[in-house]
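Reading the structure
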Amino acid sequence: MRITVKSTLLILASALMLQSCGGGQVSTVGSDQETEKRIESILSRMTLAEKIGQMNQVSAGGDVASYAEALRKGQIGSVLNEVDPEKVNELQRICVEESRLGIPLLVARDVIHGFHTVFPIPLGLAATFDPALVEQGARVAAVEASAQGVRWTFSPMLDIARDPRWGRIAEGSGEDTYLDARMAEAMVHGYQGRTPDSTSVAACIKHFVGYGAAEGGRDYNSTFLTERQLRNIYLPPFEAAVRAGAQTLMTSFNDNDGVPSTGNAFVLRDVLRDEWGFDGLVVTDWNSMGEMVSHGFGTDRKDVVAKALAAGVDMDMMTFGFISHLEDLVRSGAVSEKAIDNAVRNILRVKLLLGLFENPYVDVEASRAVQYAPAHLEAACRTAEASAVLLKNDNGVLPLDSGEVRRILVTGPLADAPHDQLGTWSFDGEKDHTVTPLAALRERFPGKVDYVPGLRYSREERERFDDVVAAARRADVVIAFVGEEAILSGEAHCLSNLDLIGSQSALLKALRASGKRVVAVVMAGRPLTIERDLPNCDALLYSFHPGTMGGPALARLISGDAVPSGKTPVTFLRTVGQVPMYYNHNMTGRPYNNERLLKDIELEAGQTSLGNTSYYLDSGAAPLFPFGFGLSYTGFAYSGARLDKDAYSPSDSLSISVTLSNTGKYDGAEVVQVYVRDLVGSVTRPVKELKYFEKVWLKAGESRELSFSIPVSELAFWGLDGRKKVEAGDFLLWVAGDSATGEPIPFKVL
Ligand code: BGC
């Protein structure tokens, strides 16, 4: 299938949405005529070697002296992983004062969910369903990182992940395109700042594209996404981030349908540049240009260098391919200097927009003062609170009644593991600044907390838990912190079994047998398969890896000082064998219809059929918890959901009203979600798709009439004719607190 992409109307519409820059051009990254003039002026003075130098990114390492000469000669355009402000100043000084053209350096770092003050992992950020909070967190990260000279972060990761075996599910927003797109915009605005200044950090949207669909959930593996899947599911978050002004983009490691992303001209040129008009900087992933040789997509490094440039790569991260071969390739005529000029323009544009030419240095003294600022810790705490998802709470075990509770047993391998609660990609987080749940609970419940770890780390195997059980018997309530350490998720850290690892399930079982109330808190980088653990706890709070302030945030939730409001950003499975299972799957010809499970029937000899619909005999058709699910200490009721009309034209907006009531005893927040099903399409459509959400705070007992508006154009998709449009017909809409409940409201698009 090949979809024709150059729909004039589409391009026109997107052009109108973009900010205009000089000379009738448009710039997605906010460039203007003045900036473009400066770019041309610098470019006109550059030698070919200096141009190629700008396209070279290297990792800092060791002493500045080791690469000072290369900087002086203009052979490096960007350095990653230097965060010492004094060294950054020295690097900048060499570039600005000692290189021929004085072009400042772009200093980059993986600031993925906070710099020193670490916020919850991105999957946890998505669980907040609160873009404003996520934007604030990215702003904090930018303020801290820029103070030390880092002006480019390799974040946000926008890879849709429908397979929790993939370790990098921790780094993204989960399985949903719409949620991912909203988080993408929030992070871009947060890093870059709504008004650019010296705290602006260029965002890098990654990994382009499809990387999260790695076969078998094994990192770096091939993907086989059709163009329609790319366009309907995987590309929209990137497009939203480009529209939000993301200044840079990273190619991905995977090959899709045989074409490695770093050499994929269709996505990097046709879609990104030509359709979306992106004029920011495209960087490879670490050595992903060189790895095209391992993919067998080129004979040698020279070959893949030419392929990457032709596909639209501007900067080479750590292949040293451009710097080694581009000059030869130009001289031999295999590559044009024009292509190099374009790449350099894109690089200089970002440097100019960041104001690096005017102000390349940082104030070292001041840089220390902003790290871990009280307001930053406060923001990290609020975000960690909002990211925890309450999955079970029988008999209102939580929150603990501090008047009634006399002794609390804290146990489990993650109760006091400061490094692990920071999660993957927290290079700059420090364990000495991290507050663990144990420390925070001791402070919140002075003199009442006993601590018996039970397991020193998650993988420990143990048969008996006599010490923990004895301590549990002396307590009124047990809080067990289980899950997985930071090292068990993230890049190249994939798993084929998602049950609680080691003897953690046995620990919960032993605690249950003590007869005391058991609260489980799961810290993890992915949705683990915790079905077998649910009967062994009264309450379960899923906190992902909550970051620096995870301890205080969890203590506030456990004590009722804060009320859980997170929702699952990804489907929680019963068993790893259900992978992939996600809420917005296409309608099948034989939808599941409550067929019987193996355990409910007696197998008779010769029996051949149990229902002939789409489900598993042993685990059914439903996940453990659906997408968008999460409990609160209070209750929420929806009533009177309605649309303003029965039928809409494609240029209308749906106007939705609903009354939301807080029916419980606590003030709290509910994530109101709107889902839509397109009943008939030119191609089969998802059973439901999230089209809007909003986190709404209500006082105990309060009711509020809410209204939302969704442009009908949001229902557009890439159909059989290879065009994106709204197809007329019948639709259903749900307003609900998760993806599995609510009553459908019919409407038509004419
Ligand atoms: C990762 C990227 C990261 C880069 C630089 C790579 O291994 O895939 O996400 O930004 O390293 O550290």
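Next up on the list: the overall build of the chain. Along the chain, the regular secondary structure elements total 22 helices and 26 strands. Whereas a compact globule of 750 residues would reach a radius of gyration of roughly 27 Å, the chain reaches 27 Å, a difference of no more than 12%. With respect to the principal axes defined by its C-alpha atoms, the chain has extents near 75 × 60 × 55 Å. Taking all 750 residues of the chain together, the buried fraction comes to 62%. Of the contacts made within the chain by residues no fewer than 6 positions apart, 77% connect residues no fewer than 24 positions apart. Across the chain, the centroid of the 75 positively charged side chains sits 1 Å from that of the 95 negatively charged ones.

Before going further, it helps to examine the sheet that holds strand E22 (residues 703-711). With respect to topology, three strands assemble into an open sheet ordered E17-E19-E22, the strand pairing being antiparallel. A single partner strand is all that each edge strand has here, and the edge strands are strand E17 (636-643) and E22. Pairwise comparison of adjacent strand axes, ignoring direction, gives a mean angle of 25 degrees for this sheet. Taken together, the six bridges between E17 and strand E19 (residues 653-662) define a ladder with antiparallel strand orientation. Across the sheet, the residue bridging to Ala637 is Ser661, located in E19.

In this section: the site of the ligand. Inspection of the region around the ligand gives 13 residues, with Asp110, Arg168, Lys206, His207 and Asp285 positioned closest. Take Asp110: an N or O atom from its side chain is 2.5 Å from an oxygen atom of the ligand. The side chain of Arg168 places a nitrogen or oxygen atom 2.7 Å from an oxygen atom of the ligand. Surface burial for the ligand is 93%, taken as the share of its 310 Å² of free accessible area covered by protein chains. Residue composition of the shell around the ligand, by class: seven nonpolar, one polar and five charged.

Residues Ile745, Phe747 and Val749 of strand E26 (residues 745-749) are buried on one face, while the alternating residues Pro746 and Lys748, pointing to the opposite face, are not. Where strand E18 (residues 647-648) meets E26, two bridges bridge the pair, whose relative direction is parallel. Paired with Tyr648 across the strands is Val749, a residue of E26. Relative to E26, strand E25 (residues 729-736) is paired through five bridges, and the arrangement is antiparallel.

Bringing the confidence of the model for the chain into the picture now. For the chain, per-residue confidence averages 95 on the pLDDT scale, and residues scoring 70 or more make up 96% of the total. Note that residues 1-23 has pLDDT below 50 and, in this model, 42 contacts with residues that lie over four places away or in other chains.

Turning our attention to the nonpolar core. In terms of nonpolar packing, the biggest core is built from 145 residues, with Trp152, Phe208, Leu326, Ile340, Leu733 and Phe747 touching the most fellow members. In terms of residue count, helix H8 (residues 177-192) provides more of this core than any other element does, eight residues in total. Two domains each provide a minimum of three residues to this core, namely domain 1 (5-367) and domain 3 (636-749). Judged by nonpolar contacts, the second largest core, of 46 residues, contains Val452, Val469, Ala520 and Leu540.

Our next topic: the domain arrangement of the chain. Its domain assignment divides the chain into domain 1 (5-367), domain 2 (388-559) and domain 3 (636-749). If you average the C-alpha positions of domain 1 and of domain 3, the two centres end up 35 Å apart. Taken together, the two surfaces of domain 1 and domain 3 that pack against each other cover about 1,300 Å², and 62% of this comes from carbon and sulfur. For domain 1, the biggest contributors to the area lost against domain 3 are Phe129, Tyr178 and Arg228; these three give 48% of the whole. Counting across the interface, domain 1 meets domain 3 through four residue pairs in polar contact (both at pLDDT 80 or more). Only H8 and helix H9 (227-234) provide two or more residues apiece to the side of domain 1 that touches domain 3. Here the residues of the side of domain 1 that touches domain 3 are counted per class, giving four nonpolar, three polar and six charged.

Taken as a whole and assessed by the stated rule, the structure comprises 21 aromatic pairs. Here the aromatic rings of Phe625 and Phe629 are separated by 5.3 Å at their centres, their planes lie at 15 degrees, and the arrangement is stacked. Assigned by exposure class, Phe625 and Phe629 land together as buried. A network of ring pairs unites the aromatic residues Phe129, Tyr178, Tyr583, Phe627, Tyr675 and Phe693 as a single cluster. In this structure, Lys206 packs its charged tip against the face of Trp425, placed 5.6 Å from the ring centre.

This paragraph deals with the pattern of salt bridges. A full pass over the atoms with the stated rule returns 51 salt bridges. A salt bridge links Arg100 to Glu50, with the nearest nitrogen and oxygen atoms 2.8 Å apart. Of this pair, Arg100 sits in the loop between helix H5 (85-98) and strand E3 (106-109) while Glu50 sits in helix H3 (residues 48-54); the two residues are 50 residues apart in sequence, bridging distant segments of the chain. Across the salt bridge formed by Arg194 and Glu135, the nearest N and O atoms sit 2.7 Å from each other. Residue Arg194 is found in the loop between H8 and strand E5 (204-208), and its partner Glu135 is found in helix H7 (residues 131-147); the two are separated by 59 residues along the sequence. Given the relative accessible area of 58%, Arg194 is considered exposed. Glu135 gets classed as buried once you look at its relative accessible area, which sits at 16%.

The next thing to look at is the pairing of E19. Within E19, seven of the ten residues are buried, leaving the element largely enclosed by the surrounding structure. Pairing between E19 and E22: nine bridges, direction antiparallel. Paired with Ser655 across the bridge in E22 is Ser709.

Moving on: unusual backbone geometry. For the bond running from Ser155 to Pro156, omega is 5 degrees, close enough to zero to count as cis. By the secondary structure assignment, Pro156 is in the loop between strand E4 (152-153) and H8. Note that the residue after Leu398, namely Pro399, is joined by a cis bond; omega there is -5 degrees. Positioned with a positive phi, Phe129 is a non-glycine residue whose angle comes to about 50 degrees. If you trace the backbone, Phe129 turns up in the loop between helix H6 (122-127) and H7. By relative accessible area, which is 1% here, Phe129 ends up buried. Of note in the backbone geometry, Tyr372 takes a positive phi value of approximately 55 degrees without being a glycine. Structurally, Tyr372 is set in the loop between helix H16 (364-370) and helix H17 (374-387).

Reading the values: the criteria
- Residues numbered from 1 in each chain as written.
- Predicted model: local features only at pLDDT ≥ 70, side-chain atom pairs only at ≥ 80, totals over all residues.
- Heavy atoms only, no water.
- Helix = DSSP H or I, 4+ residues; strand = E, 2+ residues; numbered from the N terminus.
- Rg over C-alpha atoms; globule rule 2.2 N^0.38 Å.
- Buried < 20%, exposed > 50% of the residue type's maximum accessible area, 1.4 Å probe, protein only.
- Contact = heavy atoms within 4.5 Å.
- Lys, Arg positive; Asp, Glu negative; His and termini not counted.
- Charge placed at Lys NZ, Arg CZ, Asp CG, Glu CD.
- Pairing = 2+ DSSP bridges.
- Axes fitted to C-alpha atoms, helices over the stretch in contact; angles between N-to-C directions.
- Near = heavy atom within 4 Å.
- Polar contact = N/O pair within 3.5 Å; in protein donor to acceptor, adjacent residues only side chain to side chain.
- Areas by Shrake-Rupley, 256 points an atom, 1.4 Å probe, with all protein chains shown as cover.
- Nonpolar A, V, L, I, M, F, W, Y, C, P; charged D, E, K, R; others polar.
- pLDDT = per-residue confidence, 0-100.
- Core = buried A, V, L, I, M, F, W, Y, C linked by side-chain atoms within 4.5 Å.
- Domains from an automatic or database assignment.
- Buried area = accessible area lost by both parts, 1.4 Å probe.
- Phe/Tyr/Trp six-rings, centres within 6.5 Å; stacked < 30°, edge-to-face > 60°.
- Lys NZ or Arg CZ within 6 Å of the ring centre and 35° of its normal.
- Salt bridge = Lys/Arg side-chain N within 4 Å of Asp/Glu carboxyl O.

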